[in-house]
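Coordinate inspection notes
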Amino acid sequence: MRSKDSYLKDVQLIKEILHEQEDRVLLRPWVFASWAVIIALATGASTYLRESAGWTGGMIAWRVWIAAILLGGVLETAGWLRYLRREEPVVLTAHHIKLLLSFVGVIVAACAVVSVLIGQGADISAVLPMLLAICMFILAVFTFKSLFAEAYALLFLGIFLAVVDVSPGTLYQIAGYGAAVVFAAAALHTRYVLKGRNE
Amino acid sequence: MSELYTRFDGVFFEKTRLSLLTLLFREEKLSFKALKSKLQLTDGAVYTHLEKLIQGGYVEKMKEAAGLSVQTVYGLTDFGRQEFVAYLDFVRSMILQGEKT
């Protein structure tokens, strides 16, 4: 017969495997770092262009932010493709399909709310960190749970900006640079988690 | 209890096979590469243990989209899932029995 210790080792092994599966790292630190740099540069460039070259909000949205989002999107897609190549996950399980349907719905609804707010002339500096927070919350569900820290940081940044009484220009810069700092923190956090697992 | 002991003996009392079954219990389906990378084993070790689990009726393989192509993926059979749960009950009873004695 086996000893009690060997059964305890089995339980420990099962717990470790389940924990690692629950807390897996999907995107590598460079993806978060790329977003941090892109958001910081776009915030800086748009502030400069509005103040020095007289660009309007519409020009900045189309020429700076759309370009920034496209560049970030391409880099993030590369990060996901590398993950697919590295792990070769089965993507169409019943569980994944349910999660994806739910999250696509949440993102589309959130984007619709933001576009309605923009249409009504609202200052979106407070809303965008919250939109980024929704994306981070969704990613945290799929990946390691301590990433919820960055998701909540973005949420609180948005709430803070919604209640604080400062000029629109300052609000815009706090939102942009604040989001960049949170993404940089996510990059360092992910690196720390990977290092802890010798990956 | 000894009947249960021999029933679980060949499959569950081996670390790699127990690890494979745990991963497949949690993940529904996994590709060969995913199993290999998660357990940090060689191709040969994963293949040998998977074949034993397939022969025992615990695991089945099928072709599905995984990563960027269609590949052979592995999942637990209904029997494998039932046996894994039964093994957890068995381990719990063994530990409790050990505590009483």
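A cluster of nonpolar side chains, contributed by Val91, Leu92, Ile97 and Leu101 of chain A, occupies part of the molecular surface with about 360 Å² of accessible area. Along the chain, Val91 of chain A turns up in the loop between α3 (57-87) and α4 (94-119).

The next point concerns the interface of chain B and chain A. With 35 residues of chain B at the contact, the number on the chain A side is 26 residues. Here chain B packs against chain A, burying approximately 2,800 Å² in sum over the two surfaces, 63% of which is carbon and sulfur. At the junction of chain B and chain A, the tally comes to four salt bridges. With a closest N to O distance of 4.0 Å, Glu88 of chain A and Lys33 of chain B form a salt bridge.

Once that is clear, we can look at the packing of helix α2 (residues 29-52) of chain A against helix α7 (residues 168-196) of chain A. All names here are of chain A. Packing of α2 against α7 brings their axes to within 7 Å, and their N-to-C directions diverge by 165 degrees. One element, α2, and the other, α7, form an angle in the roughly antiparallel class. Viewed along their axes, α2 and α7 form a crossing whose handedness is left-handed. Residues of the contact of α2 with α7, tallied by class, amount to 16 nonpolar, seven polar and three charged.

Here the focus is helix α6 (residues 148-163) of chain A. All names here are of chain A. The terminal C-alpha atoms of α6, which comprises 16 residues, lie 23 Å apart, in line with the 22 Å expected from a rise of 1.5 Å per residue. Along α6, the positions that sit buried rather than exposed are Glu150, Ala151, Leu154, Leu157, Gly158 and Leu161. The buried residues of α6 occupy an angular sector of 120 degrees when projected down its axis, which confines them to one face. For α6, the exposed residues set more than 90 degrees away from the buried face come down to Phe156 and Val163. Against the buried residues of α6 lie α5 (127-142) and α7.

Conventions adopted
Residues numbered from 1 in each chain as written. Chains lettered and ligands numbered in written order. Predicted model: local features only at pLDDT ≥ 70, side-chain atom pairs only at ≥ 80, totals over all residues. Heavy atoms only, no water. Patch = residues over 30% accessible without salt bridge, like charges linked within 9 Å, V, L, I, M, F, W, Y side chains within 5 Å. Areas by Shrake-Rupley, 256 points an atom, 1.4 Å probe, with all protein chains shown as cover. Salt bridge = Lys/Arg side-chain N within 4 Å of Asp/Glu carboxyl O. Helix = DSSP H or I, 4+ residues; strand = E, 2+ residues; numbered from the N terminus. Contact = heavy atoms within 4.5 Å. Buried area = accessible area lost by both parts, 1.4 Å probe. Axes fitted to C-alpha atoms, helices over the stretch in contact; angles between N-to-C directions. Parallel < 35°, antiparallel > 145°, perpendicular 65-115°, else oblique. Left-handed = near helix turned anticlockwise from the far one by under 90°. Nonpolar A, V, L, I, M, F, W, Y, C, P; charged D, E, K, R; others polar. Expected span 1.5 Å × (residues − 1). Buried < 20%, exposed > 50% of the residue type's maximum accessible area, 1.4 Å probe, protein only. Arc of directions from axis to C-beta.

Any functional reading would require information beyond the geometric quantities listed.
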